[in-house]
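If you want the building blocks of each chain, they are given just below.
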Amino acid sequence: RKRLKMWQRCLLFVFLVGQGLAQQTPGGEVYDQIWGNVRQSCLPDLQSTFDLSDLSQWQYVQELPIPPPMPKTSSNSHFDYYEVAASPSTAEILPGVETPVFVYGSKNHRGTFTYPAHTIVQPADRLVKIKWINELVDRNGNFVPHLFPIDQTLHWANPGCDERECLKETYYGPVPISVHMHGGNTTEESDGHPDAWFLPDADNIPDDFARHGPLYEHFREESPFGDEWTEDSLVADYIEIHQAHIWYHDHTVGITRLNVHAGMVGLWEVAGGLGSLDGERLVPVDCEGPLVIQDRTFNADGTTFFPNRQKDARRTINYPLCGEPTCNGLGPSDVPPIWVPGYLGDVNTVNGKAWPYMNVKRGCYQFPILNGALARTYNLSLSDRRKMRVIGSDHSFLSQDTWVDWIFLMNAERTIIQIDFSDAAP
């Protein structure tokens, strides 16, 4: 069962899912060799293997972190300006284990690169201008390959090849990004179009690689800030008039789910404006804690496992993969050699921590919640059957709030709830 569990003053976020953990490393020997070099030059050493047989060892060990606001680079009478970069890092998702991730953070505040990212807080009717930068490079200025194998037989960004043919080789090149404000209202050049991706300004990118997606230059020409776009960045502007609980994430064509699962995700809160609660409905809140829920599976070395049809030891049916002859002789197979549909992890995380706890005081708590999982749905309830007050949904506050026993959230869906702990045991 997926549930919110409250024990006296501790609010424990419990998401119990399926059994079984993958032991293998995705991507094969080449992947290990490449990322081994990256770890030596860019990331801290990973812990040695640990026991994956007992999921309960990680439950309620780490305290729930609340993503702080993303710091501004500057601000003037016209807009708030941010410079947000994507960068390789590590995160302590499991207690005492550093897991490689790709994260967003302020280019001017190096301590802000976290999983999930810091929250962008935007007052309604206030223009926000952001320079999105691709810094997925190591300390030597060379590009960092993806954490997960990329299947080139699919339609995707593919900087190294513009041909739509079956390419069975796994892609180990530079990672393209495109950042999208999910649920927001903006013009197309600022929307993070899947084909407006861009690569990092790395020293070792081959000369024949495309540096930008096919619509990047088109949107640069349309943008009022096009002269500020650089080789590894673009500048977008956003204005919202509604109170909103939205989020931002990578949106690159063909690898959105890989980049999001790597860690490129953050909340975006629009305060005030249309849709705000009126005085009669507004309940004083003692604390607010936004929650980003995702599910993961881990390898024995602490890295994130992602399913790979070609290398998955659990594959029991020997069917032909892309380009291989089919048994009926009707032509080569078009089954992707790496890609598999869906992803259901067996370790659930809240704000980047596996099964965290939260100490609460007596009072009313407000929780904006995002289901950031790739495929999993959640049915959230409190173990003591305490009711929850739902006051908001995907974009804004509801016209009329309601009290519920449970909340069902699809992936990418948001809600805002309030829980009254005023009668909780001390």
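Parameters and conventions
- Here the residue numbers are simple positions, counted from 1 along each chain's written sequence.
- Predicted model: local features are reported for residues with pLDDT of at least 70 only, side-chain atom pairs are reported and counted for 80 or more only, and whole-chain, interface and lining totals are derived from all residues.
- Think of the side-chain values as coming from all heavy atoms in the structure, minus any hydrogens and water.
- Put simply, DSSP H or I for four residues or longer makes a helix, DSSP E for two residues or longer makes a strand, and each gets a number counted from the N terminus.
- Residues are treated as being in contact if the distance between any of their heavy atoms lies within 4.5 Å.
- The Shrake-Rupley method, run with a 1.4 Å probe, gives the accessible areas here. Residue values count only the displayed protein chains as cover.
- For every residue, the accessible area (1.4 Å probe, protein chains only) is compared with the maximum for its type, and the residue is labelled buried under 20%, exposed over 50%, or partly exposed between those bounds.
- Any N or O atom pair separated by 3.5 Å or less is treated as a polar contact, with the protein-specific requirement of one donor-capable and one acceptor-capable atom, and with residues adjacent in sequence counted only for side-chain atom pairs.
- Each residue carries a pLDDT score, the predictor's confidence in it, ranging from 0 to 100.
- The criterion for an aromatic pair is that two Phe, Tyr or Trp rings (for Trp, the six-membered ring) have centres within 6.5 Å, with stacked assigned to planes under 30 degrees apart, edge-to-face to planes over 60 apart and tilted to the rest.
- Note: two strands are recorded as paired if DSSP finds a minimum of 2 bridges between them.
- Here the term patch refers to residues with relative accessible area over 30% and no salt bridge, with like charges joined within 9 Å and nonpolar side chains (Val, Leu, Ile, Met, Phe, Trp, Tyr) within 5 Å.
- Throughout this description, the term salt bridge denotes a Lys or Arg side-chain nitrogen within 4 Å of a carboxyl oxygen of Asp or Glu.
- Buried Ala, Val, Leu, Ile, Met, Phe, Trp, Tyr and Cys residues form a nonpolar core when they are joined through side-chain atoms within 4.5 Å.
- In this description, a line fitted to the C-alpha atoms serves as the axis of each element, helices being fitted only across the stretch in contact, and the angle between N-to-C directions of two axes falls anywhere from 0 to 180 degrees.

A. Molecular detail of the overall build of the protein. Along the protein, the regular secondary structure elements total three helices and 24 strands. A separation threshold of at least 6 residues defines the contact pool for the protein, and within that pool the share at least 24 residues apart is 74%. Summed over all atoms, the accessible surface of the protein reaches about 18100 Å², with 50% contributed by carbon and sulfur.

B. Broad picture of unusual backbone geometry. The residue after Y115, namely P116, is reached through a cis peptide bond having omega -10°. Among the secondary structure elements, P116 is positioned in the loop between strand 5 (99-106) and strand 6 (117-123). Despite not being glycine, Y60 has its phi angle at roughly 65°, a positive value. Along the polypeptide, Y60 turns up in the loop between helix 1 (28-41) and strand 3 (74-75).

C. View of the side chain of R376. Within the element layout of this structure, R376 appears in the loop between strand 19 (364-371) and strand 20 (378-381). For R376, a relative accessible area of 11% gives the class buried. There is a polar contact of 3.1 Å between the side chain of R376 and the side chain of D295. Separated by 3.1 Å, the side chain of R376 and the backbone oxygen of G345 make a polar contact.

D. Seen up close, the confidence of the model for the protein. Residue-level pLDDT values for the protein average 83, and 82% of them are 70 or greater. This stretch, residues 1-48, has a pLDDT under 50; its non-local contacts, to residues over four places away or in other chains, come to 159 contacts.

E. Here's a closer look at the environment of P100. Relative to the assigned elements, P100 resides in strand 5. Along the chain, P100 and P88 lie twelve residues apart, while their C-alpha atoms are 7.3 Å from each other.

F. Quick look at the environment of P176. In this structure, P176 sits in the loop between strand 9 (170-171) and strand 10 (179-182). Along the primary structure P176 and I255 are separated by 79 residues, whereas in three dimensions their C-alpha atoms are 8.9 Å apart. Leave out the neighbours within four places in its chain, and P176 touches N134, W156, A157, P159, W197, F198, L199, D250, T252, I255 and N259.

G. Summary view of the packing of aromatic side chains. Applying the stated rule across the entire model yields 13 aromatic pairs. Aromatic side chains F198 and Y216 sit 6.1 Å apart centroid to centroid with 55° between the ring planes, which places their arrangement in the tilted category. Remark: Y216 occurs in helix 2 (residues 216-222) and F198 occurs in the loop between strand 10 and helix 2; sequence separation between them is 18 residues. For F198, a relative accessible area of 1% puts it in the buried group. On the basis of relative accessible area, Y216 is assigned to the buried category, the value being 0%.

H. Geometry of the pairing of strand 16 (residues 347-350). Of the two faces of strand 16, the one carrying V347 and T349 and the one carrying N348 and V350 are both buried. Sheet topology places strand 15 (residues 291-296) next to strand 16; four bridges connect them, and they run antiparallel. Bridge pairing links R296 to V347 in strand 16. Inspection of the sheet shows strand 16 paired to strand 17 (residues 353-354) by two bridges, in the antiparallel sense.

I. Spotlight on a nonpolar patch on the surface. Together, W406, F408 and M410 make up a nonpolar patch on the protein surface, roughly 340 Å² of accessible area in all. Looking at where F408 falls in the secondary structure, it is placed in strand 23 (residues 406-409). Residue classification places F408 among the partly exposed residues on the basis of a relative accessible area of 43%.

J. View of the pattern of salt bridges. By the definition in use, this model includes 13 salt bridges. In this structure, E135 and K107 form a salt bridge, with 2.4 Å as the shortest nitrogen-oxygen distance. Of this pair, E135 sits in the loop between strand 7 (127-134) and strand 8 (150-151) while K107 sits in the loop between strand 5 and strand 6, placing them 28 residues apart in sequence. For E135, a relative accessible area of 15% puts it in the buried group. Take K107: its relative accessible area is 34%, and that puts it in the partly exposed class. Across the salt bridge formed by R389 and D401, the nearest N and O atoms sit 3.2 Å from each other. In this pair, R389 is assigned in strand 21 (residues 388-392) and D401 in strand 22 (residues 397-404), connecting sequence segments twelve residues apart. A single burial state applies to R389 and to D401, both of which are buried. Through salt bridges that share partners, K107, R110 and E135 make up one connected network.

K. Spatial organisation of the nonpolar core. Of all hydrophobic cores here, the largest spans 54 residues; its most connected members are I130, W132, Y248 and W268. With four residues, the single largest contributor to this core is strand 11 (residues 233-238). Y365, L382, L409 and I419 belong to the second-largest nonpolar core, a separate cluster that totals 22 residues.

L. Region of interest: the sheet that holds strand 10. A sheet is described by the order of its strands in space; here four strands give the open sequence 6-13-12-10, paired in mixed fashion. Each having just a single partner strand, strand 6 and strand 10 make up the two edges of the open sheet. Across the sheet, the mean angle from the axis of one strand to that of its neighbour is 25°, orientation sign disregarded.

M. Looking closely at the side chain of H212. Relative to the helices and strands, H212 is located in the loop between strand 10 and helix 2. Residue class for H212 comes out buried when judged on its relative accessible area of 17%. Side-chain polar atoms of H212 contact the backbone oxygen of E231, separated by 2.9 Å. Aside from chain neighbours lying at most four places away, what touches H212 is W197, F198, E217, R220, T230 and E231.

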